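# Commentary on secondary and tertiary structure
One letter stands for each residue in the lines below.
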Amino acid sequence: MKKSLIGLAVAASCMAANVQAQEQTGGANAGGAAFGGVSTGVITAGVVGAVIVGATISNSNGSAPARPGPTPPPPPPPPSCDGDDELVGGVCIGTTNTLTDTGAGPTTITVTFTYEPTA
């Protein structure tokens, strides 16, 4: 709609230039008066001005599409522990069984350890 109004304004201004370029010789309307002493050039210029003002108002009242904001970064992957180790309070807890000979025979000792999870 806005482009068509601007195109109409340009076309009307071209017509105004053509109307003003015409010459008339003699007669009652020798001065180019169309309505009560107002020349056709003045009328055309008024129409062109009105079209330009209308196009400007139409263009200024238009709403521009909203610009997209920055894309947020993806969330970090959840922390994970090795194997079957549990994640408790942000720390991985692992266990290992160690076979130890105490002199009276082999004994299994469970060793618990903690480490940072990987992201």
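Residues numbered from 1 in each chain as written. Predicted model: local features only at pLDDT ≥ 70, side-chain atom pairs only at ≥ 80, totals over all residues. Heavy atoms only, no water.

### Focus on the overall build of the chain
- Looking only at helices and strands, the chain has 2 helices and 5 strands in total.
- Reading the helices (α) and strands (β) of the chain from amino to carboxyl end gives α-β-β-α-β-β-β.
- Counting the 119 residues in the chain, one finds 11% classified as buried.
- Just so you have it, the chain exposes about 9,200 Å², and 62% of that area is on carbon and sulfur atoms. (Helix = DSSP H or I, 4+ residues; strand = E, 2+ residues; numbered from the N terminus. Buried < 20%, exposed > 50% of the residue type's maximum accessible area, 1.4 Å probe, protein only. Areas by Shrake-Rupley, 256 points an atom, 1.4 Å probe, with all protein chains shown as cover.)

### Comments concerning the confidence of the model for the chain
- On average, residues of the chain carry a pLDDT of 75, and 64% of them reach 70 or more.
- Mean pLDDT per element in the chain: strand β1 (residues 33-35) is the minimum at 56, and strand β3 (residues 86-88) is the maximum at 91. (pLDDT = per-residue confidence, 0-100.)

### A closer look at the sheet that holds β3
- With respect to topology, 3 strands assemble into an open sheet ordered β3-β4-β5, the strand pairing being antiparallel. A strand with exactly one partner marks an edge of an open sheet, and here the two such strands are β3 and β5 (106-115). Direction aside, neighbouring strands of the sheet carry axes that sit 35° apart on average.
- In the sheet, β3 pairs with strand β4 (residues 91-101) via 3 bridges, with the strands oriented antiparallel. (Pairing = 2+ DSSP bridges. Axes fitted to C-alpha atoms, helices over the stretch in contact; angles between N-to-C directions.)

### Thoughts on the packing of aromatic side chains
- For the structure on display, the rule yields 1 aromatic pair.
- Centre to centre, the rings of phenylalanine 113 and tyrosine 115 are 6.0 Å apart; their planes meet at 25°, and the pair counts as stacked.
- Phenylalanine 113 gets classed as partly exposed once you look at its relative accessible area, which sits at 34%. (Phe/Tyr/Trp six-rings, centres within 6.5 Å; stacked < 30°, edge-to-face > 60°.)

### Examining the state of the cysteines
- For the structure shown, the criterion picks out 1 disulfide.
- Paired through a disulfide, cysteine 81 and cysteine 92 show a sulfur-sulfur distance of 1.9 Å. Looking down the S-S bond of the cysteine 81 and cysteine 92 bridge, the torsion is -85°, so its handedness is left-handed. With cysteine 81 in the loop between α2 (40-60) and β3 and cysteine 92 in strand β4, the pair connects residues that are 11 residues apart, well separated along the chain. For the pair cysteine 81 and cysteine 92, one class covers both residues: buried. (Disulfide = S-S within 2.5 Å.)

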